Amino acid sequence: MSGNVPQHNMANNTTVSAYSEREADSSSWTAMPICYLVIMIIATISNGVVLYVFARHPHLRTAFNVYIINLSMANLIETFMMMPLNIATYLRSHWWLGSTACSVFIYGLSLQAVAINSHLLITINRMWAVSAPVSYRTYHRKKVSICLCIFIWLYVHVVHTPGYVIDAVYYRPPVEIGCFVNGMMQYGWFHAMQFCLFKIPVLAIICCYPYVAYKSLKARTFRSVHPTTVSAMTGSDTRAVKGPTSGHHDGMGLTADVAQDMLVVLHNRRAESSRRRGAFLLLSVMTLSMLVFWTPSAVYYTVVSFGHVNWPAVEQAANIMCLLETIADPICFTLALKEVREAVKGLLLPWKSS
């Protein structure tokens, strides 16, 4: 996150930039605060709608969708906590909100980290599903998803909080100078935190996708060529469905109960296949959004960290790109997951819902 204050991006700052030439007490609604305001409004509405449909429809709260809920919550909290401060800091050339607001502003770094590591959690989930499908079907339950999401929040705060507290107590400059992490005084922690919470997750998400895509395509090809084998492996072969041996027949030697059981099995198989395709499509569009919105920032601030350069225009563009991810995420959820898409459609266009 960034503001028009003497600092770099709050998630990646390493040096302090000079004050603007504008008057210190002047306020100006330039392009940057207007962009932040628009992003804040759209991100709040879109993530709020997604969370509302999950709250309204219990059947959507599956083990996989727990990760979606977690990421939407992180995006919404980040939007509520950080966006107003970003807008305020861009209205003036200096930090004018006081030390408490500065601490909240810098804490927003951990919320960004939760969001990006929640993306990684979805990637890990898909890795598990395609590399060990039997284990995934056996052990992946809602409790497991909830525990993994809690672990991500704890992991981020364990890595971020020690340096954050030490910086606030000992090293943070007066707010008259600016609001930023004094990374030079905790050089080891600062760069380790940057790599563990931001750069490595982005790299892992992008690098893992080809493997997931290959395994998914291979499994889909196998299922299309050997449907009987797949049915036997998944325990969903309709011929294995047993029903009563007496009763009304449907004309093909099957009782009505057995025929009904077969229809249920076929429906479940189609639903499972649809969810599997939706999860892969979601991973695909989210990986693309990560590549588009986060990679430029990760590359730029890596150069800043080791090259000691200062390109304000590139920094501002990178900040905006990162924030657009909070809008891209709920759009990805809605487009990729059919059940979520239908629920959102029913909420926004009730006259068109079936």
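In case you missed it, the structure is sitting above this.
Residues numbered from 1 in each chain as written. Predicted model: local features only at pLDDT ≥ 70, side-chain atom pairs only at ≥ 80, totals over all residues. Heavy atoms only, no water.

**Q** I'm lost on the overall build of the chain in this one. Help?
**A** Looking only at helices and strands, one finds 11 helices and 0 strands in the chain. Ordered by position from N to C terminus, the α and β elements of the chain give α-α-α-α-α-α-α-α-α-α-α. A buried classification covers 45% of the 354 residues belonging to the chain. Counting contacts in the chain only where the partners sit at least 6 residues apart, residues at least 24 apart contribute 77% of the total. For the chain, the accessible area works out to roughly 17,400 Å², and carbon and sulfur atoms hold 69% of it. (Helix = DSSP H or I, 4+ residues; strand = E, 2+ residues; numbered from the N terminus. Buried < 20%, exposed > 50% of the residue type's maximum accessible area, 1.4 Å probe, protein only. Contact = heavy atoms within 4.5 Å. Areas by Shrake-Rupley, 256 points an atom, 1.4 Å probe, with all protein chains shown as cover.)

**Q** Would you mind going over the side chain of Thr123 with me for this structure?
**A** By the secondary structure assignment, Thr123 is in helix H3 (residues 98-131). Judged by relative accessible area, Thr123 falls into the buried class, the value being 1%. If sequence neighbours within four positions are ignored, Thr123 has contacts with Ile205, Cys208 and Leu283.

**Q** I keep staring at a nonpolar patch on the surface and nothing clicks. Help me out?
**A** Together, Trp29, Ile34, Val38, Ile41, Ile42 and Ile45 make up an exposed nonpolar region whose accessible area comes to about 560 Å². Mapping Ile42 onto the fold places it in helix H1 (residues 31-56). (Patch = residues over 30% accessible without salt bridge, like charges linked within 9 Å, V, L, I, M, F, W, Y side chains within 5 Å. Salt bridge = Lys/Arg side-chain N within 4 Å of Asp/Glu carboxyl O.)

**Q** What am I meant to see in the packing of aromatic side chains here?
**A** The geometry of an aromatic ring pair comes down to the distance between the two centres and the angle between the two planes. For the coordinates displayed, the defined rule picks out 12 aromatic pairs. Residues Tyr300 and Tyr301 carry aromatic rings whose centres are separated by 4.8 Å and whose planes lie at 70 degrees to one another, so their mutual orientation is edge-to-face. Across this residue pair, the class does not change: Tyr300 and Tyr301 are buried. One aromatic cluster is present, built from ring pairs that chain together Tyr300, Tyr301 and Trp311. The ring of Trp96 carries the charged tip of Arg92 above its face, separated from the ring centre by 4.4 Å. Here the guanidinium or amino end of Lys199 rests over the ring plane of Phe195, the centre of that ring lying 5.5 Å away. (Phe/Tyr/Trp six-rings, centres within 6.5 Å; stacked < 30°, edge-to-face > 60°. Lys NZ or Arg CZ within 6 Å of the ring centre and 35° of its normal.)

**Q** Quick question: what am I supposed to make of the state of the cysteines here?
**A** Chemically, a disulfide is nothing more than a covalent bond linking the sulfur atoms of two cysteines. One pass over the full model with this rule turns up 1 disulfide. For Cys102, the disulfide goes to Cys179, at an S-S distance of 2.1 Å. Between Cys102 and Cys179 the sulfur-sulfur dihedral comes to about 100 degrees; the bridge is accordingly right-handed. Placement of Cys102 in helix H3 and of Cys179 in the loop between helix H5 (142-171) and helix H6 (187-225) is noted, with a sequence separation of 77 residues between them. (Disulfide = S-S within 2.5 Å.)

**Q** Just to check I follow, could you spell out the packing of H1 against helix H11 (residues 338-348) for this structure?
**A** For any two helices packed against each other, one specifies the crossing angle of their axes together with the interaxial distance. Here H1 crosses H11 at 100 degrees, and the two axes come no closer than 10 Å. Judged by the inter-axis angle, H1 sits roughly perpendicular to H11. Here H1 contributes Val49, Tyr52, Val53, Phe54 and Arg56 to the contact with H11, which in turn contributes Val340, Ala343, Val344 and Leu347. (Axes fitted to C-alpha atoms, helices over the stretch in contact; angles between N-to-C directions. Parallel < 35°, antiparallel > 145°, perpendicular 65-115°, else oblique.)

**Q** Before we go on, may I ask you to explain the nonpolar core in this structure?
**A** The nonpolar side chains of a soluble globular protein tend to be buried, and buried together. With 58 residues, the main nonpolar core has Phe64, Ile68, Phe198 and Leu282 as its most contacted residues. Element by element, the count of residues in this core is highest for H3, at 13 residues. When neighbours within four sequence positions are excluded, Ile68 is seen to be in contact with Phe54, Ile122, Leu282, Phe333 and Leu337. Listed in part, the 11 residues of the second largest apolar core include Tyr36, Ile87, Tyr90 and Ile320. (Core = buried A, V, L, I, M, F, W, Y, C linked by side-chain atoms within 4.5 Å.)

**Q** Any chance you could explain the packing of helix H10 (residues 312-336) against H11 here in plain terms?
**A** Running from N to C, H10 and H11 point in directions that differ by 105 degrees, and their axes come no closer than 5 Å. Here H11 runs roughly perpendicular to H10, going by the angle between their axes. Along the contact surface, H10 presents Phe333, Thr334, Leu335 and Ala336, while H11 presents Lys338, Val340, Arg341 and Val344. By residue class, the composition of the contact of H10 with H11 is 5 nonpolar, 1 polar and 2 charged. (Nonpolar A, V, L, I, M, F, W, Y, C, P; charged D, E, K, R; others polar.)

**Q** It is not clear to me how H10 should be interpreted in this structure. Could you clarify?
**A** The terminal C-alpha atoms of H10 lie 36 Å apart, and with 25 residues this matches the ideal 36 Å at 1.5 Å per residue to within 8%. Of all the bends in H10, the greatest reaches close to 30 degrees and is centred on Ile327; the proline Pro330 follows between one and four positions later. (Expected span 1.5 Å × (residues − 1). Bend = angle between axes of the 7 residues up to and from the residue.)

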